[in-house]
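What follows is the residue order along each chain.
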Amino acid sequence: MNTDMTGKAALITGAASGLGRATALKFAAAGADLWLADVNAAGLEETVAMLADSGSTIGHEVVDLSDPEACMQAVVAAVARFGRLDALCNVAGLIYLANTPQMPLDQYQRTIDVNLSAPFHLSQAAIPHLLESHGAIVNVASSAAHIGEAYAAAYCASKWGILGMTKAMAMEFQKAPIRINAVAPGGMVTNIAANFVPPEGCDFDLIKRFSGMRGTVEVADVADMILMLASEAGRGFHGACIDIDAGITAG
Ligand SMILES: NC(=O)c1ccc[n+]([C@@H]2O[C@H](COP(=O)([O-])OP(=O)(O)OC[C@H]3O[C@@H](n4cnc5c(N)ncnc54)[C@H](O)[C@@H]3O)[C@@H](O)[C@H]2O)c1
């Protein structure tokens, strides 16, 4: 598989931890220059330090992607740094579990803003540059983009949404030199688990339904899929979603 990204530039959101960091490490190992964006300054510095000897040029920016203007500016900054953009990886995300009637409005809104609206605004700004470079967008959905998960109505809405958005944009640019795809991971051991607090009085039978029987998925394996979709190796993929969820959505 040709996953060489030498001479190419990628913007990766959520790069301060978990899957975003793993994706940054994979892309750097493949030779890409990187613009890393995240709201977590300390985590971002750690990722940059981990990439110090990678040979790639690394730029980074602390940015709250719930702000549409900040999304647009992140793309502007990446293109200003590298003069091109070959891949946009929309990895940043968050989850709050809640009983639907009690979910605070700010948690609902932030879930939609970060998980769904930010990838939309980043894509808006990135697409003209990706059309020039014949580049790719890779969105991170979730097994929650295919099934209903109890106590996660807002998260599921955002992830079904990003999957629909991936396919709609793929159709819109069916005749253009850009590829737009998604990955849908199952549970991974990352910082997002900090917000994976079952709501008071919840029914654990319902939570078991989306916990799966085979354990978690490795972030490095999901990052490999993101790199594959963004690189020459993924040239046959457009409007696709690669499920890597250890069977959660099998039935
Ligand atoms: N961990 C899982 O079980 C799992 C399963 C399926 C899908 N996912 C998805 O994988 C992606 C990565 O999550 P992860 O598991 O690596 O968790 P993580 O918490 O380690 O990483 C998410 C990153 O997004 C960043 N982020 C959150 N809000 C932001 C904002 N407003 N602006 C900028 N950055 C922001 C966080 O700071 C963090 O670095 C998410 O889209 C998540 O929904 C995770």
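The chain appears in an unreviewed UniProt entry as SDR family oxidoreductase from Novosphingobium album. We quote the UniProt Sequence similarities (unreviewed entry) comment for the chain here in full: "Belongs to the short-chain dehydrogenases/reductases (SDR) family."

1. Points about the state of the cysteines
What makes a disulfide is a covalent bond joining the sulfur atoms belonging to two cysteines. Scanning the model with the defined rule gives zero disulfides in all. Cys156 takes part in no disulfide bond, and the closest cysteine sulfur, belonging to Cys241, lies 14 Å away.

2. Details of the packing of aromatic side chains
Considering all chains together, one arrives at one aromatic pair under this definition. Arranged with centres 6.4 Å apart and planes meeting at 75°, the rings of Phe196 and Phe210 form a pair that is edge-to-face. Here the residue Phe196 occupies a position in the loop between strand E6 (179-185) and helix H6 (204-208), and Phe210 occupies one in the loop between H6 and helix H7 (219-230), the gap between them amounting to 14 residues. Residue class for Phe196 comes out partly exposed when judged on its relative accessible area of 36%.

3. Re the sheet that holds strand E3 (residues 58-62)
Across the sheet, seven strands lie side by side as E3-E2-E1-E4-E5-E6-E7; this open sheet has parallel pairing. The open sheet has two edge strands, E3 and strand E7 (241-244), and neither has a second partner. Geometrically, the sheet is characterised by an average inter-axis angle of 15° between neighbouring strands, direction not taken into account. The sheet contact formed by strand E4 (residues 87-90) and strand E5 (residues 136-140) spans four bridges and is parallel. Across the sheet, the residue bridging to Leu88 is Ile137, located in E5. Across the sheet, helix H4 (residues 105-133) lies against strand E1 (9-13), E4 and E5, angled at about 170° from E4, the strand it touches most. Most of the contacts of H7 go to E6, to which it runs at about 170°, and overall it touches E4, E5, E6 and E7.

Criteria and cut-off values
Residues numbered from 1 in each chain as written. Predicted model: local features only at pLDDT ≥ 70, side-chain atom pairs only at ≥ 80, totals over all residues. Heavy atoms only, no water. UniProt positions renumbered as here; feature names shortened; annotations may be inferred. Disulfide = S-S within 2.5 Å. Phe/Tyr/Trp six-rings, centres within 6.5 Å; stacked < 30°, edge-to-face > 60°. Helix = DSSP H or I, 4+ residues; strand = E, 2+ residues; numbered from the N terminus. Buried < 20%, exposed > 50% of the residue type's maximum accessible area, 1.4 Å probe, protein only. Pairing = 2+ DSSP bridges. Axes fitted to C-alpha atoms, helices over the stretch in contact; angles between N-to-C directions. Contact = heavy atoms within 4.5 Å.

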